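# Coordinates in review
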Amino acid sequence: MDHDKQVTRQPRDNSRSGSARGRRWSVLARVRSARERSTFACRRSAFACGQGVLAWNVALLVAVAASGAVAQPELRVVGTQPPAHVLDAERDGAIEVRFDRAVDRSSVNERSFWAFGRWSGPVSGPVVFANGDSVVRMTPDVPLSAGERVLVILSHDLRGADGAAMRKAGYSYQYWTRSTPGALQFTELTRLSTRSPTNEPTRSYGGFAANLNADRLLDLAIINEETADVRIFLNRGAGGARFDTFLLPTTRVGPQASPSETSDFDRDGNVDACVVNIRAANVSILMGRGDGTFATQQTVDVGSGPRGVAVLDVDGDGDVDIANTNASSSNVTLLLNDGRGNFQGGLSFEAGGEGEWAIEAADMDNDGILDLVVGCHWSATLHVNRGTGNATFEEIDSSASGGAVWMLNCGDLNGDRQVDVVVVNSRDNNATVVLGDGQGRLGAPSTRLTDPFPLATDLADLDGDGDLDWVTSSFTGDWMLFENDGSGGFQFDQRFDAPRAASCSIAFDFDDDGDLDLALVDEIADVVVVYENTGTSTAVEPSEWGRVKSLYRR
């Protein structure tokens, strides 16, 4: 993310709405004229028409009665376990969905009922039916990764045993897994260089952790703007998690590659990824091979100045689609997945502000359809766009962001099981908390200072106390860690010195000990500083956490 590059701001074309209104009124005038000419004729034939309609309705009722067909109400989800938005689900716990009636077992399969851990990848495990087949339960074969967000997807292809269909929008929800309690103590473990032996600058900005080679260990994939590639560091796990030098050849993406997200786009059980290429105005889709590498990129053109990306099922068909923001064209593009990992673009909408920049998918109104929270750079606003489940979105609320938005995250910050928002505001040198009410509305912003030019924000339960802590990354400063007091209030705890320019952080459990470690990316030094969480070595029951915190507090 090169913040020195200027993004062109394209004005909206407001003339289209006026011409559209003119055409609409012209059509209405013609319709009224035709209607008036036909009124007399319709009145003369009203009695005959009424008799015809009555006869047709009687015939239809007779046919329906003869066939025995009775319209069934839609199959509905009435509960989930873990519940949506919780932050402390057991890593090895079952994923359970309760329906309002028995389901048709034959409609439940790996495409109509599945889950994905943001870091650990697709969830696999046996599916069983309970409570007269009204409960569907999947138990993971292996525990999910600690402190990660999990997405559960149900497609509209699910059916009730009575033949009733699921609603067209399907059903999706998110929750987070538990991390081990401990003090906020971190020890630098290693520094990974993203440069080749020739020392060519890479401009490392962004990345993700993922189990890329099916060994349960989380690897690192770092996105590089200048070399236009993804460099993968495999986690060998020896001696407390050690990473190899990056794989060669590297994975090609577009110029000024930056934001990224993971999913399983083709449902082959491997972790895939999508990467936004700012300078190329497109998105790269990378299909994981399951051996630590990705196949050759698929690219799809989007709007101008793309900046953010999110993954979700926008049309209820059970596969994961992509949404990205475009700052220069000031809109959001939807890329629809055909179920095999092939994407089609061409759909776009305006989120409600100027300069759509940051984006994340979350269920802001608790209707089982993921919405899009969009941060707009030029208007300094946040916008909740409700998902309808048919690949369209409608703005339902907005809030001031506190400054020029660069990145945002969503999660429950105050323990009310409703989704809230945090955002960093680049040139305004601050960060903002905005609480959600669970109905899609946003509260007043609460802003605090950061180091100059914050351009990344990340939420994670770093101390394992059941709430989300906050890490900000500043281009002309350091990484700053804010501890959550459990009510959405954040207190500065510590900073991690950046070699040159802090660009992002990744909170993940690289040594699989149950607590969250950190990978901190510097985009000028082109290094990843890996910190091990050394605050605790054994699990502590939540009831004991108050005592432990008081012992460790500095």
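Before reading on, note that the structure itself is shown above.
Please read all numbers here as calculations on a predicted model, not as lab measurements. (Residues numbered from 1 in each chain as written. Predicted model: local features only at pLDDT ≥ 70, side-chain atom pairs only at ≥ 80, totals over all residues. Heavy atoms only, no water.)

What follows concerns the pairing of strand 6 (residues 135–138). Side-chain positions along a regular strand alternate between the two faces of the sheet. Across four bridges, the pairing between strand 2 (residues 95–99) and strand 6 is antiparallel. Within strand 6, the position partnered with Ile 95 by the bridge is Met 138. Pairing of strand 5 (residues 127–130) with strand 6 involves four bridges; the strand directions are antiparallel. Across the sheet, the residue bridging to Phe 129 is Val 136, located in strand 6. (Pairing = 2+ DSSP bridges. Helix = DSSP H or I, 4+ residues; strand = E, 2+ residues; numbered from the N terminus.)

Our next topic: the pairing of strand 24 (residues 381–387). Across the seven residues that make up strand 24, a large majority, six, are buried. Bridge count between strand 23 (residues 371–376) and strand 24: five bridges; the pairing is antiparallel. Looking at the pairing, Val 373 lines up with Val 384 of strand 24. In the sheet, strand 24 pairs with strand 25 (residues 393–400) via seven bridges, with the strands oriented antiparallel. If you follow Thr 381 over to strand 25, its bridge partner there is Ala 400. Where strand 24 folds back on strand 25, the antiparallel hairpin that results is connected by five residues, among which Gly 389 adopts a positive phi of roughly 90°. (Buried < 20%, exposed > 50% of the residue type's maximum accessible area, 1.4 Å probe, protein only.)

Moving on to the sheet that holds strand 18 (residues 306–312). Within the open sheet, the four strands sit side by side as 18-19-20-21. Their pairing is antiparallel. With one partner strand each, in any of the chains shown, strand 18 and strand 21 (343–349) form the two edges of the open sheet. The sheet shows a mean angle of 25° between the axes of neighbouring strands, direction not considered. Across five bridges, strand 20 (residues 331–337) lies against strand 21 in antiparallel orientation. Each residue of the ladder has a partner; that of Val 332, found in strand 21, is Phe 349. (Axes fitted to C-alpha atoms, helices over the stretch in contact; angles between N-to-C directions.)

In this section: the nonpolar core. Leu 220, Phe 265, Ile 322, Leu 372 and Phe 508 are the most contacted members of the largest nonpolar core, which has 88 residues in total. Those residues within four positions of Leu 220 in sequence are excluded, and the remaining contacts are Leu 192, Phe 208, Ala 209, Arg 231, Ile 232, Phe 233, Phe 243, Ile 506, Phe 508, Ala 519 and Val 528. Counting residues in hydrophobic clusters, the runner-up holds 23 residues, among them Ala 89, Val 103, Val 123 and Leu 158. (Core = buried A, V, L, I, M, F, W, Y, C linked by side-chain atoms within 4.5 Å. Contact = heavy atoms within 4.5 Å.)

A word on the environment of Ser 106. Structurally, Ser 106 is set in the loop between strand 2 and strand 3 (113–117). Look at Ser 106 and you get exposed, because its relative accessible area is 55%. Sequence separation of Ser 106 and Arg 159 is 53 residues, and the distance between their C-alpha atoms is 8.7 Å. Reaching out from Ser 106, the side chain makes a polar contact with the side chain of Asp 104 at a distance of 2.8 Å. A polar contact is formed between the side chain of Ser 106 and the side chain of Arg 159, at a distance of 3.2 Å. (Polar contact = N/O pair within 3.5 Å; in protein donor to acceptor, adjacent residues only side chain to side chain.)

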